[in-house]
Amino acid sequence: MNKVFSDASSALDGLLFDGMMIAAGGFGLCGIPELLLQAIKENGAKKLTFASNNAGVDDFGIGILLQTRQVDKMISSYVGENAEFMRQYLSGELSLEFTPQGTLAERMRAGGCGIPAFYTQTGVGTVIAEGKEHKDFDGRTYIMENAIVADLSIVKAWKADPTGNAIFRKTARNFNPPAAMCGKVCVMEVEQIVDPDELSGDSIHLPGIYVHRLIQGEHEKRIEQRTVRNA
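The present account deals with the structure reproduced in this document. (Residues numbered from 1 in each chain as written. Predicted model: local features only at pLDDT ≥ 70, side-chain atom pairs only at ≥ 80, totals over all residues. Heavy atoms only, no water.)

## Topic: empty space enclosed by the protein
Line of reasoning, step 1. In the structure shown here, the tally under the stated rule is 1 cavity of 30 Å³ or more.
Line of reasoning, step 2. One number sums up the size of the largest cavity: a volume of about 60 Å³.
Line of reasoning, step 3. In this structure, the largest cavity is lined by 14 residues; those nearest its centre are Gly25, Ile32, Ser52, Asn54 and Ile62.
Line of reasoning, step 4. Of the residues in the lining of the largest cavity, the class split is 7 nonpolar, 7 polar and no charged. (1 Å grid on protein atoms, 1.4 Å probe; cavity = no way out; pocket = protein on both sides within 12 Å on 5 of 7 lines; lining within 4 Å. Points joined across faces, edges and corners; volume = space filled by probe spheres on them. Nonpolar A, V, L, I, M, F, W, Y, C, P; charged D, E, K, R; others polar.)

Structure (C-alpha cells):
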C-alpha cells in the first residue's frame, strides 16, 4: 500500500469531518504538524476537539484554527502564549479540559495500546480530580483517567521511510509518538523521506504500523520565546 501523498490536502482527503477529535503532536512550537494544520484550516472542518499539549501561538500551530473558530474544545496541558485561546476560553466560546502533561501523554499512549483507562496520583486533591473515580492502592489515593482514542492523529517527524517508520529529532519527539499511536488514522508530515535501508531498526522512534499516510514538505523553524543576554 502506498502511504506517500503529494501534499497535506491530499493526505487528509476523506478524513476530515465536523465534530471530530484530532490528536496533534508538538510541544510549544517544536514538532508541530504545521502543514497538516494549514490544510485543516483550508478544509473548513469545524466543531473540532484537539488533544494537544498546547495550542501554539496566535498565528501558528493550532492557533490558526482558533482564529477561524474551527475548534470547540481543547484537551491540553499548557495554554499560555496564545491570546486568542485565552480570550475564547474566558468568554466561554472554547471548552477546555486541563490535563497534566504526563497524564496527557499516557492517555494517548494508552489509547494506542488498547488500554481503556489507568490510575495515577497526578492531580489528586486538585480540580483535575473533580468528578473522576478515586481508588486507594497500598494506602495511596489515585484517580482514574480515560485513554484518548482520536478520530485522526497528525504528527511531524524528522525522517521516515515510505512505510512510515519514523525518527523524531530532539525535542520534537515530545508528544508526537503517543499522539500518533492513539489515532484511528495517523497522517504524518516529515522533513525527509528516505530509503528504508537508511534507517537502523534500533533508531526507530515510531513503527510504521501506526502511520497510514505521510507527506514530505518544507517546514519553519520557529522559536517560541527568544531570550538573549547583553554581550
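## Details of the packing of aromatic side chains
Line of reasoning, step 1. Taken as a whole, this structure holds 2 aromatic pairs when the rule is applied.
Line of reasoning, step 2. Arranged with centres 5.5 Å apart and planes meeting at 80°, the rings of Phe137 and Tyr142 form a pair that is edge-to-face.
Line of reasoning, step 3. By relative accessible area, which is 33% here, Phe137 ends up partly exposed.
Line of reasoning, step 4. By way of ring pairs, the aromatic residues Tyr119, Phe137 and Tyr142 are connected into one cluster.
Line of reasoning, step 5. Lys159 extends its terminal NZ or CZ atom over the ring of Trp158, reaching a point 4.6 Å from the ring centre.
Line of reasoning, step 6. Above the plane of the ring of Trp158 lies Arg169, whose end atom (NZ or CZ) is 5.9 Å from the centre. (Phe/Tyr/Trp six-rings, centres within 6.5 Å; stacked < 30°, edge-to-face > 60°. Buried < 20%, exposed > 50% of the residue type's maximum accessible area, 1.4 Å probe, protein only. Lys NZ or Arg CZ within 6 Å of the ring centre and 35° of its normal.)

## Notes on the sheet that holds strand E6 (residues 134–137)
Line of reasoning, step 1. Read across the open sheet, the 3 strands follow the order E5-E7-E6; overall the sheet is antiparallel. On the outer flanks of this sheet lie strand E5 (117–120) and E6, each paired with one strand and no other. Taking the axes of each pair of neighbouring strands and ignoring which way they run, one obtains an average angle of 40° across the sheet.
Line of reasoning, step 2. Across the face of the sheet, helix H5 (residues 101–113) comes into contact with E5 and strand E7 (140–146) while running at roughly 155° to E5. (Pairing = 2+ DSSP bridges. Helix = DSSP H or I, 4+ residues; strand = E, 2+ residues; numbered from the N terminus. Axes fitted to C-alpha atoms, helices over the stretch in contact; angles between N-to-C directions. Contact = heavy atoms within 4.5 Å.)

## Looking at the pairing of strand E4 (residues 95–98)
Side chains on a regular strand alternate between the two faces of the sheet.
Line of reasoning, step 1. With 4 bridges connecting them, strand E3 (residues 71–76) and E4 associate as parallel partners. Bridging across to E4, Lys73 finds its partner in Ser95.
Line of reasoning, step 2. Running through helix H4 (residues 83–90), the crossover from E3 to the neighbouring parallel element E4 is right-handed. (Right-handed = clockwise from strand over helix to strand, strands pointing away.)

## Regarding unusual backbone geometry
Line of reasoning, step 1. Here the phi dihedral of Lys47 falls at roughly 55°; this positive angle occurs in a residue that is not glycine.
Line of reasoning, step 2. Take Lys47: it is sitting in the loop between helix H2 (34–43) and strand E2 (48–51).

## Side note on the nonpolar core
Line of reasoning, step 1. With 33 residues, the main nonpolar core has Leu12, Ile40, Phe50, Met74, Leu152 and Ile154 as its most contacted residues.
Line of reasoning, step 2. At the level of elements, helix H1 (8–11), strand E1 (21–24), H2, E2, helix H3 (63–67), E3 and strand E8 (152–160) are the ones that each hand at least two residues to this core.
Line of reasoning, step 3. Ranked by residue count, the leading element in this core is H2, at 4 residues.
Line of reasoning, step 4. If we skip the residues at most four places from it in the chain, Ile40 touches Leu12, Leu16, Ile22, Ala45, Leu48, Phe50, Leu65, Gln70 and Ile154. (Core = buried A, V, L, I, M, F, W, Y, C linked by side-chain atoms within 4.5 Å.)

## As for the layout of surface pockets
Line of reasoning, step 1. Its volume calculated, the largest pocket comes out at about 310 Å³.
Line of reasoning, step 2. Taken together, 16 residues form the lining of the largest pocket, with Cys30, Gly31, Ala172, Glu191 and Lys221 sitting closest to its centre.
Line of reasoning, step 3. When residues in the lining of the largest pocket are grouped by element, the largest group, 3 residues, is from E8.

## Examining the pattern of salt bridges
Line of reasoning, step 1. All chains considered together, the criterion is met by 11 salt bridges.
Line of reasoning, step 2. Across the pair Asp18 and Lys46 runs a salt bridge, and its minimum N-O distance is 3.0 Å. Taken as a pair, Asp18 in the loop between H1 and E1 and Lys46 in the loop between H2 and E2 lie far apart in primary sequence, 28 residues in all.
Line of reasoning, step 3. Asp18 gets classed as partly exposed once you look at its relative accessible area, which sits at 41%.
Line of reasoning, step 4. Judged by its relative accessible area of 41%, Lys46 falls in the partly exposed class.
Line of reasoning, step 5. A salt bridge links Glu93 to Arg69; the shortest N-O distance between them is 3.7 Å. Placement of the pair is Glu93 in the loop between H4 and E4 and Arg69 in the loop between H3 and E3, with a sequence separation of 24 residues.
Line of reasoning, step 6. Connected through salt bridges with shared partners, the residues Arg69, Glu84, Arg87 and Glu93 form a single ionic network. (Salt bridge = Lys/Arg side-chain N within 4 Å of Asp/Glu carboxyl O.)

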